[in-house]
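# Understanding the architecture of this molecule
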Amino acid sequence: MVNSLQITDSRTQKQYTIPIENGAIRTMELRNIKVNDDDFGIMGYDPAFMNTASVKSKITYIDGDKGILRYRGYPIEQLAEESHSFLEVAYLIFHGELPTKDQLDEWRSNIMSECFIPESIATILKGFDLSSHPMGMLVSLLGALSTLYPESQNIHDPTIRMKQVYRLMGHTPTLCAMIFRHTKGLPFQEPNLQLSYSGNFLAMTFGTTTVHPVFERAMRVLLILHADHEQNCSTNVMRCIGSSLANPYAAAAGATAALWGPLHGGANEEVLKMLDEIRTIENVPAFIKEVKEGKRRLMGFGHRVYKNYDPRARVIKQLAYEVFEVTGKNPKLEIALALEKIALEDEYFIKRRLYPNVDFYSGLIYQAMGFPTNFFTVLFALGRMIGWLAQWNEHITDPEQKIARPRQVYVGYDERPYIPINQR
Ligand code: SDX
């Protein structure tokens, strides 16, 4: 067999031929490698799934070595620069093709008509302390949506599935805006369907009827850049929860919870905390020294897949200058640029192939636009919602998939008898 692995088991001298397809082997084939008929067979042990493909997907392609990111084959740089609508890119990610004008109009109408949030959700939101972390509120409210739409449990019905996609895409910007305003003790603002998806979100958030074109474009580009990123941690959670046939609101709440972590989407918040702690350019060398001593992490740097500059970070860095033209330069930019310069020339970072990722510069823009640091990951979730939904939909309709249930390598005790407490 041409594309195959030849394996010899030194325990039995038996030989096995395992087919290679798409650069991978089906690890279930390893289960045929046994020492006797009672043997369970060989498993693949892969903590953190460093080298495990759990799905086949057509949505997003990343080449980490070359710093390439494409949604359905279209380079992210072109989509960020050329697309005049986040919902156009959202349609592409979900349906797989760029929409015609009629398709985009229908998609937009179905989503924007779902921007209105039932009053019961506002009541729940008002129960949170104003100081509650916005991500904790978003996770809770996404889960709460499942109680309003019990029909969403019928996920194998394509019409019902699409309705939940429209609802989550329409509800999420309004939820995010309401959370922002709740933390400020401000009244909620109704959606304005005359505005774009990005513009409506900003208007609901800041309580305006119009939006500065530079901010609208910046928000649109940031949503496009954050929309999907193949099998990242939170998308893996979305698919895993979806694999048990739970409803999409429960899955989206779980994915949002995973995104919150400081090693994942929470990094954009951590970057600003890091820049605040460094405070001046003079302190940068001492901070880098601590990083190299393993005492700190340079937040916003490094990536499991990218071993080159994250193409999204390059676009965001350029976008920051456009926003600062309007807002005035964020003084922390100089510190970020100094960190990047040193890191890109230092052997510690070069050897480990650590480059700025999507989270390194995004927070500087969010802060300049008026968002508090603890709201940055909410903005990440707002962009990523379509990616989670597209990946979830692909999972639900993949005939090869079933409930996700990994195995383990058991290294605990063998059988042992119970010992009464008076004998311990
Ligand atoms: C996102 O997966 C995705 O696609 C995620 C994402 C998406 O769009 O969904 O791209 C979004 O989550 C971006 C990443 C945001 N996180 C951060 O910026 C947090 C800081 N970065 C890291 O903690 C780290 O780089 C990860 C978590 C992003 C990746 O970690 P890995 O692949 O598990 O690598 P590792 O932790 O095993 O590190 C390998 C080496 C180690 O050094 P040694 O033990 O070999 O000496 O690199 C070092 C690490 O100490 N290292 C860093 C570092 N990241 C890795 N050292 C200093 N600063 C860092 N940021």
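One numbering rule holds for all chains: residues counted from 1, following each sequence as written. Selection of residues for local features in this predicted model requires a pLDDT of at least 70, selection of side-chain atom pairs for listing and counting requires 80 or more, and totals for whole chains, interfaces and linings are taken over all residues. Heavy atoms throughout the structure, all of them, feed into the side-chain values; hydrogens and water do not.

## Remarks on helix α10 (residues 248-259)
Counting from the N terminus, the helices are the DSSP runs of H or I reaching at least four residues and the strands are the DSSP runs of E reaching at least two. How far a helix is expected to stretch is found by multiplying one less than its residue total by 1.5 Å. Under the 1.5 Å per step criterion, the end-to-end length of α10 is 16 Å for 12 residues, consistent within 8% with the ideal 16 Å. Of all 12 residues making up α10, 10 are buried, and the element is well covered by its neighbours. Of all the residues in α10, the buried ones are Pro 248, Tyr 249, Ala 251, Ala 252, Ala 253, Gly 254, Ala 255, Thr 256, Ala 258 and Leu 259. What makes two residues a contact is simply this: any of their non-hydrogen atoms within 4.5 Å. On its buried side, α10 packs onto α5 (134-145), α6 (158-183), α9 (233-243) and α17 (376-396). A side-chain oxygen of the first residue of α10 lies 2.9 Å from the backbone nitrogen of Tyr 249; this N-cap is Asn 247. Here the term buried applies to any residue with accessible area under 20% of the maximum for its type, exposed to any over 50%, and partly exposed to those in between, with areas from a 1.4 Å probe on protein chains only. Definition of a polar contact: a pair of N or O atoms within 3.5 Å, with one able to donate and the other able to accept a hydrogen when the atoms are protein atoms, and with sequence-neighbouring residues admitted only if both atoms are side-chain atoms.

## So, a nonpolar patch on the surface
Patch definition: residues above 30% relative accessible area lacking any salt bridge, with like charges linked at up to 9 Å and the nonpolar side chains Val, Leu, Ile, Met, Phe, Trp and Tyr linked at up to 5 Å. Surface accessibility follows the Shrake-Rupley procedure with a 1.4 Å probe radius. Residue values consider only the protein chains on display as shielding. Only one rule defines a salt bridge in this text: a Lys or Arg side-chain nitrogen within 4 Å of an Asp or Glu carboxyl oxygen. The grouping of Phe 40, Met 43, Tyr 45, Val 409 and Val 411 at the surface amounts to a nonpolar patch, some 530 Å² of accessible area in total. Positionally, Tyr 45 belongs in the loop between β2 (14-19) and β3 (60-63). Tyr 45 gets classed as exposed once you look at its relative accessible area, which sits at 65%.

## Describing the site of the ligand
For this purpose, a residue is taken to be near a molecule or strand whenever a single non-hydrogen atom of the residue falls within 4 Å of it. The local shell around the ligand holds 23 residues, among which His 229, Arg 297, His 303, Arg 304 and Arg 312 are the closest. One of the backbone N or O atoms of Leu 263 is found 2.9 Å from a nitrogen atom in the ligand. The contact in question runs from a nitrogen atom of the ligand to an N or O atom on the backbone of Leu 298, over 2.8 Å. In isolation the ligand exposes 1,000 Å². Once the protein is present, 75% of that is buried. Classifying every residue of the shell around the ligand gives 10 nonpolar, 7 polar and 6 charged. Under the convention adopted here, Pro, Cys and the residues Ala, Val, Leu, Ile, Met, Phe, Trp and Tyr are nonpolar, Asp, Glu, Lys and Arg are charged, and Gly plus all remaining residues are polar.

## Quick notes on unusual backbone geometry
The phi dihedral of Gln 13 falls on the positive side, at around 65°, and the residue is not glycine. Mapped onto the fold, Gln 13 is located in the loop between β1 (4-9) and β2. The backbone of Phe 49 sits at a positive phi, close to 55°, despite the residue not being glycine. Positionally, Phe 49 belongs in the loop between β2 and β3.

## Quick word on the side chain of Arg 181
Residue placement: Arg 181 occurs in helix α6. No salt bridge is formed by the buried Arg 181. Its closest oppositely charged neighbour is Glu 190, at 10 Å. Engagement of the side chain of Arg 181 in a polar contact is seen with the backbone oxygen of Pro 187, the distance being 2.5 Å. The contact partners of Arg 181, leaving out residues within four places of it in the chain, are Leu 186, Pro 187, Phe 188, Gln 189, Met 204, Thr 205, Phe 206 and Gly 207. The positive count covers Lys and Arg only, the negative count covers Asp and Glu only, and His and the chain ends enter neither.

## Considerations on the environment of Glu 394
Residue position: Glu 394 is located in helix α17. Owing to a relative accessible area of 17%, Glu 394 belongs among the buried residues under this scheme. Taking the C-alpha atoms as reference, Glu 394 lies 9.5 Å from Val 55; in sequence the two are 339 residues apart. Setting aside residues no more than four positions away along its own chain, Glu 394 makes contact with Lys 56, Ser 57, Lys 58, Ile 59 and Arg 239.

## What about the environment of Lys 295?
You can see Lys 295 is positioned in the loop between α12 (284-292) and α13 (311-327). Exposure remark for Lys 295: the relative accessible area of 57% places this residue in the exposed category. A polar atom in the side chain of Lys 295 sits 2.8 Å from the side chain of Glu 293.

## A few points about the pairing of β1
Between any two strands, pairing holds if DSSP finds at least two bridges. Relative to β2, β1 runs antiparallel, the two being bridged by 6 bridges. Among the inter-strand pairings, Thr 8 is bridged to a residue of β2, identified as Gln 15. Hairpin remark: β1 followed by β2, antiparallel, with 4 residues in the connecting loop; positive phi at Gln 13, about 65°.

## What to know about the sheet that holds strand β4 (residues 68-71)
Ordered by their spatial adjacency, 3 strands build an open sheet running β3-β4-β5, and the pairing between neighbours is antiparallel. For this open sheet the edge positions go to β3 and β5 (74-75), each flanked by a neighbour on one side alone. Pairing of β4 with β5, which is carried by 2 bridges, proceeds in the antiparallel orientation. Note that in β5 the partner of Arg 70 across the bridge is Pro 75.

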